[in-house]
Amino acid sequence: MNNIENKTVLITGANRGIGRALVDEALRRGAKKVYAGTRQLLAHSDGRVTPLTLDVTNTTQIQDAVKNVEALDILINNAGMALYDDLTDRAALEQSLAVNLYGPYGVTQAFLPLLTRSRGAIVNVLSLAAIAAVPFSPAYSISKAAAFSLSQSLRALLARRGVSVHVVLPGPVDTDMARNLDIRKASPESVARAIFDGMEKGEEEIFPDPMSESIAEGWRSGAVKTLVRQFAAYVEADPIKS
């Protein structure tokens, strides 16, 4: 159970959309301190919020952020980007991977000593596109699928250190990223609530909205999830070096 009350939380991409909703929801649930990682400092009226200049593609900023965080219980890798492309431009794919894959990888590795010390949690906010590619945004889908694999690997590798890894798989959410999609969307606030609810229940994959929830049971009882557990067991048999 990863209760938010009295915990220290770091949220990347905290300036808008799901990230901003996560900041407010963490405060509502009684978080002791919330580090809000954004590319430009976020102004917030609650004294429990500490702004951090944090571009997840900038190694120097990540290292500086670590120096300013004394303790950490929960890391939420929320920062992301989405491009509409057709896979003809390699630069679009490289940019998507830089933000959506290498970003959370770099931030996680940097804060792992603090999370290991607290036996904390990592939450990676991904997308249903990590499971099934969205054809009008393939670079985004590829990067989120890679981040999903990263999350599964981290979960198996970090289990013996007491660090849990949760994956959030939302459908369309009413944010700037999805503003051009003329479909029904969940609110960022409802998604933020569902993310913390799922984490507190210990759900490895969190399906935080009606569209994603419709496949949740099939995923949890399906062949792919069974295979993931089988593969993870190979690592659990061996101690993890710190």
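Computed from a prediction, not measured in an experiment: that's the story for all the values here. Note that residues are indexed from 1 along each chain, following the sequence as it is written. Note on the predicted model: pLDDT of at least 70 is required for a residue's local features to be given, and 80 or more for side-chain atom pairs to be given and counted; whole-chain, interface and lining totals, by contrast, use all residues. Side-chain measures here rest on the full set of heavy atoms in the structure, leaving out hydrogens and waters.

Asker: Would you mind going over the pattern of salt bridges with me for this structure?
Answerer: Side-chain pairs of opposite charge can arise where the charged atoms are in close proximity. Salt bridge, as used here: a side-chain nitrogen of Lys or Arg that lies within 4 Å of a carboxyl oxygen of Asp or Glu. Under the definition given, this model contains 12 salt bridges. Across the salt bridge formed by R29 and E200, the nearest N and O atoms sit 3.4 Å from each other. Of this pair, R29 sits in the loop between α1 (17–28) and β2 (33–38) while E200 sits in helix α6 (residues 188–200), and the two are 171 residues apart along the sequence. Take E200: its relative accessible area is 16%, and that puts it in the buried class. Because the salt bridges share partners, they merge into one network encompassing E25, R28, R29, D197 and E200. By definition, any uninterrupted DSSP run of H or I lasting at least four residues is a helix, any uninterrupted run of E lasting at least two residues is a strand, and each is numbered from the N terminus. Three exposure classes are used, based on accessible area relative to the maximum for each residue type with a 1.4 Å probe and protein chains only: buried under 20%, partly exposed in between, and exposed over 50%.

Asker: In this structure, what is going on with the nonpolar core? I would like to understand it.
Answerer: In summary, soluble globular proteins display a tendency toward joint burial of nonpolar side chains. Buried Ala, Val, Leu, Ile, Met, Phe, Trp, Tyr and Cys residues that are joined via side-chain atoms within 4.5 Å together make up what is termed a nonpolar core. If you look at the biggest cluster of nonpolar residues, it comprises 29 residues, and the most contacted ones within it are I4, I11, L22, V23, I74, I76 and I195. Sorting elements by how many residues they give to this core places α1 first, with six residues. Any two residues having at least one pair of non-hydrogen atoms within 4.5 Å are treated as being in contact. Ignoring anything within four residues of it in the chain, the contact list for I76 reads V9, L10, I11, T12, L22, V123, V125 and F196.

Asker: Before we go on, may I ask you to explain the pairing of strand β5 (residues 121–125) in this structure?
Answerer: The side chains of a regular strand alternate between both faces of the sheet. Most of β5 sits out of view: five of its five residues are buried. Burial along β5 is two-sided: the residues A121, V123 and V125 and I122 and N124 are all buried. Strands are labelled as partners when DSSP assigns at least two bridges between them. One ladder, built from four bridges, connects strand β4 (residues 74–77) with β5; its direction is parallel. The partner of I74 across the bridge, within β5, is A121. Sheet analysis places β5 next to strand β6 (residues 164–168), joined by five bridges and oriented parallel. Residue A121 lies in a different strand from β6, and its bridge partner there is S164.

Asker: What is the right way to look at the sheet that holds strand β1 (residues 8–12) in this model?
Answerer: Across a sheet, paired strands are connected by hydrogen bonds in the backbone, their directions being either parallel or antiparallel. Read from one edge to the other, the open sheet built from seven strands follows the order β3-β2-β1-β4-β5-β6-β7, with strand pairing classed as parallel. Each having just a single partner strand, β3 (49–53) and β7 (205–206) make up the two edges of the open sheet. Note on geometry: axes are lines fitted to C-alpha atoms, helical ones only across the stretch in contact, with angles between N-to-C directions running from 0 to 180 degrees. The strands touched by helix α4 (residues 102–118) within the sheet are β1, β4 and β5, with β4 carrying the most contacts at an inclination of about 180°. Against the sheet, helix α5 (residues 138–158) makes contact with β5, β6 and β7, and its axis sits at roughly 160° relative to β6, the strand it touches most.

Asker: How should I be thinking about the side chain of S143 in this particular structure?
Answerer: Here S143 lies in helix α5. Judged by relative accessible area, S143 falls into the buried class, the value being 0%. Those residues in contact with S143, other than ones at most four positions away along the chain, are S96, L97, N100 and L101.

Asker: Explanation requested: the packing of helix α3 (residues 90–100) against α5 in the structure shown.
Answerer: Two packed helices can be described by the angle between their axes and the distance between those axes. The N-to-C vectors of α3 and α5 enclose an angle of 35°; their axes lie 9 Å apart at closest approach. Considering only the axes of α3 and α5, their crossing is right-handed. The segment α3 lies against α5, with A92, L93, S96, L97 and N100 engaging A139, Y140, I142, S143, K144 and A147. Partitioned by chemical class, the residues of the contact of α3 with α5 number seven nonpolar, three polar and one charged. For any pair of crossing helices, the crossing counts as left-handed if the nearer helix is rotated counterclockwise from the farther one by less than a right angle, and right-handed if it is rotated clockwise. Residue type decides the class: Asp, Glu, Lys and Arg count as charged, Ala, Val, Leu, Ile, Met, Phe, Trp, Tyr, Cys and Pro as nonpolar, and the leftover types, Gly among them, as polar.

Asker: Explain the packing of helix α2 (residues 59–67) against α4 here, please?
Answerer: Relative orientation of the contacting elements α2 and α4 amounts to 30°, with a least axis distance of 10 Å. Here α4 runs roughly parallel to α2, going by the angle between their axes. In the packing of α2 onto α4, the handedness of the crossing is right-handed. Contacts between α2 and α4 involve I62, A65 and V66 from the former and G106, V107, A110 and F111 from the latter. The residue makeup of the contact of α2 with α4, split by class, is six nonpolar, one polar and no charged. Small angles under 35 degrees read as roughly parallel and large ones over 145 as roughly antiparallel, with 65 to 115 read as roughly perpendicular and the rest as oblique.

Asker: I tried to follow the environment of R117 on my own but got confused; where do I start?
Answerer: Tracing the sequence through the fold places R117 in helix α4. In sequence terms R117 and A71 are 46 residues apart; their C-alpha atoms lie 8.6 Å from each other.

Any functional reading would require information that these geometric values do not contain.
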